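Listed here are the chains, written in short residue letters.
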Amino acid sequence: MEGYLKISFLNDFIFCPKSIYLHNIYDNFNAYAFNETPQIVGELKHKNIDQSSYSTRKDILQGLPIYSEKFKLAGKLDIFDKKKGSLIERKTKVKKVFTGYKYQLYAQYFCLKEMGFNVKSLCIYSLEDNKKYKIKLPDKKETKKFTNFIKKIENFEPSSCRLIKNKDKCANCIYASLCF
Ligand code: SF4
């Protein structure tokens, strides 16, 4: 799957382009050495999805590997209800629906569409407070924005990154101690 962009990187790129390069560098290390507690909780909850412990119903797909040739994206979906056509992305706690969250769902949507599934609705589910956030299916305008965003990542040159550290972002970044 070389040359494919990980769907999970989309949100990271918006947070800080530099973080996806740090993520790649430390990808082979033990994640627990670098992740803070909220990330670990999130990963464990996602593990349940990978191990298909959420549901045994045949019309519910969990942790299915997905890809898009058109966008050169690859990853895993969270939950897809084939019968209802609903695609759900679970997060530990959602305080605000960030563009990155929306784009992760769009990415899953485009992958599933390309793979021949009929996706009718998108939703982000906040586990800790049990809240659901409906996301509209991408229309023409949103699809164009998403396409341009993917191109921006593809064309991003790490050496040209003149990112000035942002106090608030860096304080919450798991790579802060590794970033220079
Ligand atoms: S510490 Fe700051 S500059 Fe470095 S990767 Fe994190 S957000 Fe980006």
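For the structure itself, consult the block above.
Fair warning: this is a prediction, and the values are worked out from it, not measured in the lab.

1. Digging into the packing of aromatic side chains
Following the criterion strictly, the structure yields 11 aromatic pairs and no others. Consider the rings of Phe 98 and Tyr 101, whose centres lie 5.5 Å apart with planes at 85 degrees: the pair is edge-to-face. Using a relative accessible area of 40% as the deciding quantity, one classes Phe 98 as partly exposed. For Tyr 101, a relative accessible area of 13% puts it in the buried group. Among the aromatic residues, those joined into a ring-pair cluster are Phe 13, Phe 71, Tyr 103, Tyr 106, Tyr 109, Phe 110, Phe 146 and Phe 149.

2. Considerations on the pattern of salt bridges
Within this structure, the stated rule accounts for five salt bridges. Notably, a salt bridge pairs Asp 78 with Arg 90, separated by 3.9 Å at the nearest N-O pair. Here Asp 78 is found in the loop between β4 (73-76) and β5 (79-81), whereas its partner Arg 90 is found in strand β6 (residues 86-91), with 12 residues between them in sequence. Here the two residues Asp 78 and Arg 90 agree in accessibility, since each one is buried. Bridged by salt links that share partners, the residues Lys 102, Glu 142 and Lys 145 form one connected network.

3. A closer look at unusual backbone geometry
A positive phi angle, near 55 degrees, is found at Lys 72, a position not held by glycine. You can see Lys 72 is positioned in the loop between β3 (65-68) and β4. Overall, the relative accessible area of 33% leaves Lys 72 in the partly exposed class. Positive phi, normally seen in glycine, also occurs at Asn 130, with a value near 60 degrees. Note that Asn 130 resides in the loop between β7 (121-126) and β8 (131-135). Residue Asn 130 is classed as exposed on the basis of its relative accessible area of 54%.

4. Some remarks on the sheet that holds β6
Here we have five strands laid out as an open sheet, ordered β2-β5-β6-β7-β8, and mixed in their pairing. A strand with exactly one partner marks an edge of an open sheet, and here the two such strands are β2 (60-62) and β8. Neighbour to neighbour, the strand axes of the sheet diverge by 20 degrees on average, direction disregarded. Inspection of the sheet shows β7 paired to β8 by five bridges, in the antiparallel sense. Within β8, the residue paired with Ile 124 across the bridge is Tyr 133. Helix-sheet contacts for helix α4 (residues 99-114) involve β5, β6, β7 and β8, and the interaxial angle to β6 is about 145 degrees.

5. Some words on α4
Relative to the 22 Å expected for 16 residues at 1.5 Å per residue, α4 spans 22 Å between its end C-alpha atoms, a close match to the ideal helical length. With 12 of its 16 residues buried, α4 lies for the most part within the structure. Within the sequence span of α4, burial applies to Gly 100, Tyr 101, Tyr 103, Gln 104, Leu 105, Tyr 106, Ala 107, Gln 108, Tyr 109, Phe 110, Cys 111 and Leu 112. Trailing α4 by a residue or two, Gly 116 shows a phi angle of about 95 degrees, which is positive.

6. Some words on the nonpolar core
Taken as a class, soluble globular proteins show a tendency for nonpolar side chains to be buried jointly. Core analysis: the largest hydrophobic core is formed by 32 residues, its most contacted members being Leu 10, Leu 73, Leu 87, Leu 122, Phe 146 and Ile 150. Of the residues forming this core, the biggest block, nine residues, is contributed by α4. Once residues lying within four places of it in the same chain are set aside, the contact partners of Leu 87 are Leu 77, Ile 79, Phe 80, Leu 105, Gln 108, Tyr 109, Leu 112, Val 119, Ser 121, Leu 122 and Cys 123. Among the nonpolar cores identified, the runner-up in size contains six residues, and Ile 174, Tyr 175, Leu 178 and Cys 179 belong to it.

Rules and cut-offs
- Residues numbered from 1 in each chain as written.
- Predicted model: local features only at pLDDT ≥ 70, side-chain atom pairs only at ≥ 80, totals over all residues.
- Heavy atoms only, no water.
- Phe/Tyr/Trp six-rings, centres within 6.5 Å; stacked < 30°, edge-to-face > 60°.
- Buried < 20%, exposed > 50% of the residue type's maximum accessible area, 1.4 Å probe, protein only.
- Salt bridge = Lys/Arg side-chain N within 4 Å of Asp/Glu carboxyl O.
- Helix = DSSP H or I, 4+ residues; strand = E, 2+ residues; numbered from the N terminus.
- Pairing = 2+ DSSP bridges.
- Axes fitted to C-alpha atoms, helices over the stretch in contact; angles between N-to-C directions.
- Contact = heavy atoms within 4.5 Å.
- Expected span 1.5 Å × (residues − 1).
- Core = buried A, V, L, I, M, F, W, Y, C linked by side-chain atoms within 4.5 Å.

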